[in-house]
Amino acid sequence: MPTHYAPGTTPVTVTPQGFAVLEPGASAALLARVRAVLADGRGLGGVIEALTGAYGASLTAIPAFAVALADADGVRVAVRGGFAFDVDA
């Protein structure tokens, strides 16, 4: 999968399993936690757990995010808020 980098204010973490994008202003500690759960293979559930742990138990309280994770069946994508993916199969 090709990767591109452009400097900016949107926090992004990339692991061999996939990547996550958080809304601007997300803390470095939260980004590190999300990276750790991705690197540990905890997948989307781990990302949601990290976000709800940081912002409260309600899914409505968590910030905007985008996650794309590779697995044996393809790529799983989850988006909340103003993020969008362009997928080219």
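So, how was this worked out
Residues numbered from 1 in each chain as written. Predicted model: local features only at pLDDT ≥ 70, side-chain atom pairs only at ≥ 80, totals over all residues. Heavy atoms only, no water. Helix = DSSP H or I, 4+ residues; strand = E, 2+ residues; numbered from the N terminus. Rg over C-alpha atoms; globule rule 2.2 N^0.38 Å. Buried < 20%, exposed > 50% of the residue type's maximum accessible area, 1.4 Å probe, protein only. Contact = heavy atoms within 4.5 Å. Areas by Shrake-Rupley, 256 points an atom, 1.4 Å probe, with all protein chains shown as cover. Lys, Arg positive; Asp, Glu negative; His and termini not counted. Charge placed at Lys NZ, Arg CZ, Asp CG, Glu CD. Salt bridge = Lys/Arg side-chain N within 4 Å of Asp/Glu carboxyl O. Pairing = 2+ DSSP bridges.

Undergrad: Would you take a moment to explain the overall build of the protein for this structure?
TA: When helices and strands are tallied, the protein shows 2 helices and 4 strands. Along its sequence from the N terminus, the protein presents helices and strands in the succession β-β-α-α-β-β. Relative to the compact-globule value of 12 Å for 89 residues, the protein shows a C-alpha radius of gyration of 12 Å, a close match. Reported as C-alpha extents along the three principal axes, the dimensions of the protein are approximately 35 × 30 × 20 Å. Of all 89 residues assigned to the protein, the portion counted as buried reaches 31%. Here the contacts in the protein between residues at least 6 apart in sequence split such that 28% fall between residues at least 24 apart. Here the protein has roughly 5,700 Å² of accessible surface; of this, 56% comes from carbon and sulfur atoms. Seen as two clouds, the 5 positive and the 7 negative side-chain charges of the protein have centres 9 Å apart.

Undergrad: Can you walk me through the pattern of salt bridges in this structure?
TA: If the charged atoms of two oppositely charged side chains come close together, the side chains can form a pair. Scanning the entire structure with this criterion turns up 2 salt bridges. Salt-bridge contacts for Arg42 lead to Glu49; the nearest nitrogen and oxygen are separated by 2.7 Å. Take Glu49: its relative accessible area is 43%, and that puts it in the partly exposed class. Among the salt bridges present, the one from Asp71 reaches Arg76, with a minimum N-O distance of 2.5 Å.

Undergrad: Explanation requested: the pairing of strand 2 (residues 18-22) in the structure shown.
TA: Looking along a regular strand, one sees the side chains alternate between the two faces of the sheet. Here strand 2 lies mainly inside the structure; 4 of its 5 residues are buried. Bridge analysis of strand 1 (residues 12-15) against strand 2 gives 4 bridges, and the strand direction is antiparallel. Looking at strand 2, one finds that Thr13 is bridged to Ala20. In terms of strand pairing, strand 2 meets strand 3 (residues 65-71) through 5 bridges, oriented antiparallel. Residue pairing across strands places Leu22 opposite Phe65, the latter belonging to strand 3.

Undergrad: Please clarify how the environment of Ala70 should be interpreted in this entry.
TA: Mapped onto the fold, Ala70 is located in strand 3. Along the primary structure Ala70 and Gly41 are separated by 29 residues, whereas in three dimensions their C-alpha atoms are 10 Å apart. Apart from residues lying up to four places away in sequence, Ala70 is in contact with Gln17 and Val75.

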